[in-house]
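Examining the three-dimensional arrangement
Listed below are the residues making up each chain.
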Amino acid sequence: MEAGNQLVPTAPIRSASEPILCTRVDSSGSGSGRWKRVVVVGGGISGSIVAKYLQYHADVVLIDQKEYFEIPWATMRTTVEPAIADKAVINHADYLVNGNLVVASAVGVTETEVVTSDGGRVGYDYLVVATGHSYSSPVVVDWNLSLFFSANLKMRSSSSVLIIGGGPSGVELASDIASNYPEKKVTLVHSGSRLLGFIGCKAGNKALEWLRSKNVDVLLEQTIDLNSLPDSNGIYITSAGEAIAADVHFVCVNNPLGSSWLQESVLSDRLDKRGQLMVDEHLRVKGRSNIFAVGDIVDIHERKQGILAQRHAAIVAKNLKAMLKGELAGKEGKEVKLGKYKPSVAIAMVSLGKKDAVAQLPFTTMSGFLPGLIKTREVFLRKTRKLLSV
Ligand SMILES: Cc1cc2nc3c(=O)[nH]c(=O)nc-3n(C[C@H](O)[C@H](O)[C@H](O)COP(=O)(O)OP(=O)(O)OC[C@H]3O[C@@H](n4cnc5c(N)ncnc54)[C@H](O)[C@@H]3O)c2cc1C
């Protein structure tokens, strides 16, 4: 495997200039000798599902910054329970058994090709943009999972922990540490006036109550300068001048949206002010007939949630299957009836330790043991792995 542009092929990848000839049997039985190429950029939950669903209907190429999918809703738990880390990480090659994987960052897109960080060019007939957020995770999964074990070791060997950020990651991590290691002094610093700003006020207050009941010191409307972290020497000064002593810190602030690579591309005018891709009701990028977008990157007015990203992926996979089928039947250029996506509301759930959770339902907020039964014990690991058939 080469560094930089690591290719983990399940079949050899062709260069963009080579003809795209089908050497496989089309499971739809259409008998065509030529498969169109669908390039999916981003291997989070939405991109992985699209790639998996289409792999027997097209020549699928998945481009991701890393060779694996890390289940975001389980990663916080791995810090206190590193034993589940091997389940929270899924190699793309494990579910993409009839496609190609390019491990690289996409840095640009033209009318016909995706350009990668190492200068590679991958031609496409159809493109699916699924680069929700950018992550700084390692490119190659370390199957000793030492990353998770070292985070756990650091946390276990400390007597005081600072968590920066009071969104779902920060709250879940603080609650996991507080309930597993009640003897540790946990401090959570959050810039907002309430925790969990992405859901209702009540949910944030319930999470705050829960954390304080477990002796977590929660400081609201304060920040820690992230640039000062390397020189902290165990003493962290907040924007309000408070000094916090902690043996270890965890940064749990939002990752930036993964759309900077589109800024100089043919899709630059399809980005809104927040860097989201504007899509139509079929989840096609507005004004484009062969480019779709799914997951956190789209400009749909709904919460950014994995459960909704999965719904986007299912619609796009269905639409692409219909378009590919239409072309195989010689209906190229003719109108194919596409499925529509309706923005939806899903339950938002943040776990609080291993038993409780706070859940935002459409008309009410619940907290405690009952919502905890749904998410908390195994953080949807089995369900997510089942989705990708691993
Ligand atoms: C701690 C935490 C808990 C959560 N809990 C829940 C929950 O319980 N339920 C729920 O529904 N949602 C939850 N979410 C939200 C959910 O994780 C996201 O909505 C979902 O992961 C979005 O999926 P996605 O496919 O859009 O992209 P992402 O998961 O953001 O993945 C994007 C992928 O694209 C890759 N990428 C980015 N830029 C490039 C590039 N230029 N080139 C190549 N690859 C690129 C990234 O490496 C990544 O693999 C949680 C999130 C967090 C952080």
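Procedures and definitions
Residues numbered from 1 in each chain as written. Predicted model: local features only at pLDDT ≥ 70, side-chain atom pairs only at ≥ 80, totals over all residues. UniProt positions renumbered as here; feature names shortened; annotations may be inferred. Helix = DSSP H or I, 4+ residues; strand = E, 2+ residues; numbered from the N terminus. Buried ≥ 20, exposed ≤ 12 C-beta atoms within 10 Å, placed from the backbone. Contact = placed C-beta atoms within 7 Å. Near = placed C-beta within 6 Å. Nonpolar A, V, L, I, M, F, W, Y, C, P; charged D, E, K, R; others polar. Domains from an automatic or database assignment. Pairing = 2+ DSSP bridges. Axes fitted to C-alpha atoms, helices over the stretch in contact; angles between N-to-C directions. Expected span 1.5 Å × (residues − 1). Core = buried A, V, L, I, M, F, W, Y, C linked by C-beta atoms within 7 Å. Parallel < 35°, antiparallel > 145°, perpendicular 65-115°, else oblique.

As annotated in an unreviewed UniProt entry, the chain is FAD/NAD(P)-binding domain-containing protein from Zingiber officinale. UniProt, in the comment section headed Function (unreviewed entry), describes the chain in these words: "Putative FAD-dependent oxidoreductase."

Observations concerning the overall build of the chain
Within the chain, the secondary structure is distributed over ten helices and 20 strands. Taken across its 390 residues, the chain has 43% of its residues classed as buried. Long-range pairs, those at least 24 residues apart, make up 63% of the contacts in the chain with a sequence separation of at least 6.

Concerning helix α1 (residues 45-54)
Of all ten residues that make up α1, nine are buried, and the element is covered over most of its length. Along α1, the positions that sit buried rather than exposed are I45, S46, G47, S48, I49, V50, A51, K52 and L54.

A short note on the site of the ligand
If you check the shell around the ligand, you find 37 residues, and the closest are G42, G44, G132, G258 and G295. The set of elements that each furnish at least two residues to the shell around the ligand consists of α1, β3 (59-64), α2 (72-80), α6 (168-180) and α8 (306-328). Grouping the constituent residues of the shell around the ligand by class yields 15 nonpolar, 16 polar and six charged. Both domains that meet at the shell around the ligand, namely domain 1 (6-136 + 255-328) and domain 2 (146-252), each give it at least three residues.

Observations concerning the sheet that holds strand β9 (residues 121-123)
Spatially, three strands are ordered β7-β8-β9 in an open sheet, and the strand pairing comes out antiparallel. Each edge of the sheet is formed by a strand with only one pairing partner; in this case those strands are β7 (106-109) and β9. Recorded for the sheet is a direction-independent mean angle of 25 degrees between the axes of neighbouring strands. Relative to strand β8 (residues 113-116), β7 runs antiparallel, the two being bridged by three bridges. What sits directly across from V109, in β8, is V114.

Describing helix α7 (residues 201-213)
Here α7 contains 13 residues, and its C-alpha end-to-end distance of 18 Å stays within 8% of the 18 Å for a straight helix at 1.5 Å per residue. Considered for burial, the residues of α7 that qualify are A203, G204, K206, A207, L208, W210 and L211. Residues of α7 that are buried in the fold lie against α6, β12 (185-189), β13 (217-219), β18 (348-352), β19 (356-360) and β20 (365-368). Looking one or two places after α7, you find N215, whose phi comes out positive at around 70 degrees.

A word on the nonpolar core
The biggest cluster of nonpolar side chains holds 67 residues, and the ones touching the most others in it are V50 and V294. Ranked by residue count, the leading element in this core is α8, at nine residues. Setting aside anything within four residues of it in sequence, one finds V50 in contact with V40, V128, A130, V294, A313, V316 and A317.

Points about the sheet that holds β19
Strand order in the open sheet made by the three strands is β18-β19-β20, with antiparallel pairing throughout. Pairing within the sheet leaves two strands with one partner each, and these edge strands are β18 and β20. Within the sheet, the average angular offset between the axes of one strand and its neighbour, ignoring direction, is 10 degrees. Here β18 pairs with β19 via five bridges, running antiparallel.

Topic: the environment of N180
With respect to the helices and strands, the residue N180 is situated in helix α6. We classify N180 as partly exposed; it has 16 C-beta atoms within 10 Å. For N180 and G353, which are 173 residues apart along the polypeptide, the C-alpha to C-alpha distance reads 7.6 Å.

A closer look at the pairing of strand β10 (residues 126-129)
Every second residue of β10 is oriented toward a common face, with Y126 and V128 on one face and L127 and V129 on the other, all of them buried. Here β10 pairs with strand β17 (residues 291-293) via three bridges, running parallel. Of the residues in β17, the one forming a bridge with V128 is F292.

Digging into the packing of α2 against helix α5 (residues 146-156)
It is the contact of α2 with α5, at a shortest axis distance of 7 Å, that shows an interaxial angle of 50 degrees. Judged by the angle between their axes, α2 and α5 are oblique. On α5, the residues touching T78, T79 and V80 of α2 are F148, A151, N152 and M155. Looking at the contact of α2 with α5, its residues break down into four nonpolar, three polar and no charged.

A look at unusual backbone geometry
Positive phi, normally seen in glycine, also occurs at E221, with a value near 50 degrees. For E221, the position within the fold is in the loop between β13 and β14 (235-237). Residue classification places E221 among the partly exposed residues on the basis of 13 C-beta atoms within 10 Å. Its identity is not glycine, yet N233 carries a phi of approximately 50 degrees, on the positive side.

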